[in-house]
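An overview of the molecular structure
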Amino acid sequence: MANSNVIKGQIYFPHLYEPNPSFDKKSYWYELFLAVSDKDFENLKDQGISDVFLFEPGVKKYTPDPIVKIATWANNSDGSPTQPPRIVDEDRNILLECDIGNGSTVRVQWYKKIYGGQGKTIVRPQLVAVQILDLVEREDSLDRSNDALAFE
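The text that follows walks through the structure, step by step, so that each part is easy to find. A quick note: this is a predicted structure, and the numbers were derived from the prediction, not measured. Residue positions are given per chain, counting from 1 as you read along its sequence in written order. At least 70 in pLDDT is required for a residue's local features to be given in this predicted model, at least 80 for side-chain atom pairs to be given and counted, and no such filter applies to totals for whole chains, interfaces and linings, which use all residues. Derived side-chain values reflect all non-hydrogen atoms in the structure, with water molecules and hydrogen atoms excluded from consideration.

Mapped onto the fold, Q131 is located in strand 7 (residues 120-134). On the accessibility criterion, Q131 (9% relative accessible area) is buried. For the purposes of these results, a polar contact is taken to be a pair of N or O atoms within 3.5 Å, where, inside protein, one atom must be able to donate a hydrogen and its partner to accept one; residues adjacent in sequence count only when each atom of the pair is a side-chain atom. A distance of 3.0 Å separates a polar atom in the side chain of Q131 from the backbone oxygen of E90. Ignoring any residue separated from it by four or fewer positions in sequence, one finds Q131 in contact with V88, D89, E90, R92, T105, V106 and R107. Elements are defined by DSSP. Helices are runs of H or I of four residues or more, strands are runs of E of two residues or more, and each kind is numbered from the N terminus. When a residue's accessible area, from a 1.4 Å probe over protein chains only, is under 20% of the maximum for its type it is buried; when over 50% it is exposed; and in between it is partly exposed. Here a residue-residue contact requires only that any non-hydrogen atoms of the pair lie within 4.5 Å.

Structure below.
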């Protein structure tokens, strides 16, 4: 594996235990969107991270901060599953299940993945692991307290 990097920020829309379908609905990503400092954002640009993974400050409505999408494919090119990212708590204990809500503070381990061809090179941050530093538990957007009534 290439040299890894670590970046800290607030996580949004994480898909860390169950992969999220890509636009084609045929491939899947383990992914997260990370709000980072201006300095870290500029550092990612300087490292050559492709624009499709970087969102300037104010582009995303859920935060005024710059955002980086950090992801890894859920399957290899031969269709075999990849290892999902490791999720750990502040003491580096593995978390097999955790409802990570938007705005949780995390550290993300990643490395630079370069691929492409025919004159187009993609450089993306490849997701390796997430350490939860300050958990904001995810809340269901629906009140399900009356669900049982529908079955009476």
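This part covers the nonpolar core. What tends to happen in soluble globular proteins is that the nonpolar side chains get buried as a cluster. Membership of the largest hydrophobic core comes to 26 residues, with the highest contact counts inside it found for L32, L34, I70 and V108. Sorting elements by how many residues they give to this core places strand 7 first, with five residues. What L32 contacts, discounting residues up to four positions off in sequence, is I11, Y12, F13, P14, L16, V68, K69, I70, V108, L127 and V130. Buried residues of nine kinds, namely Ala, Val, Leu, Ile, Met, Phe, Trp, Tyr and Cys, make up a nonpolar core once their side-chain atoms join them within 4.5 Å. Ranked by size, the runner-up nonpolar core spans five residues in total, among them Y12, F33, F55 and I67.

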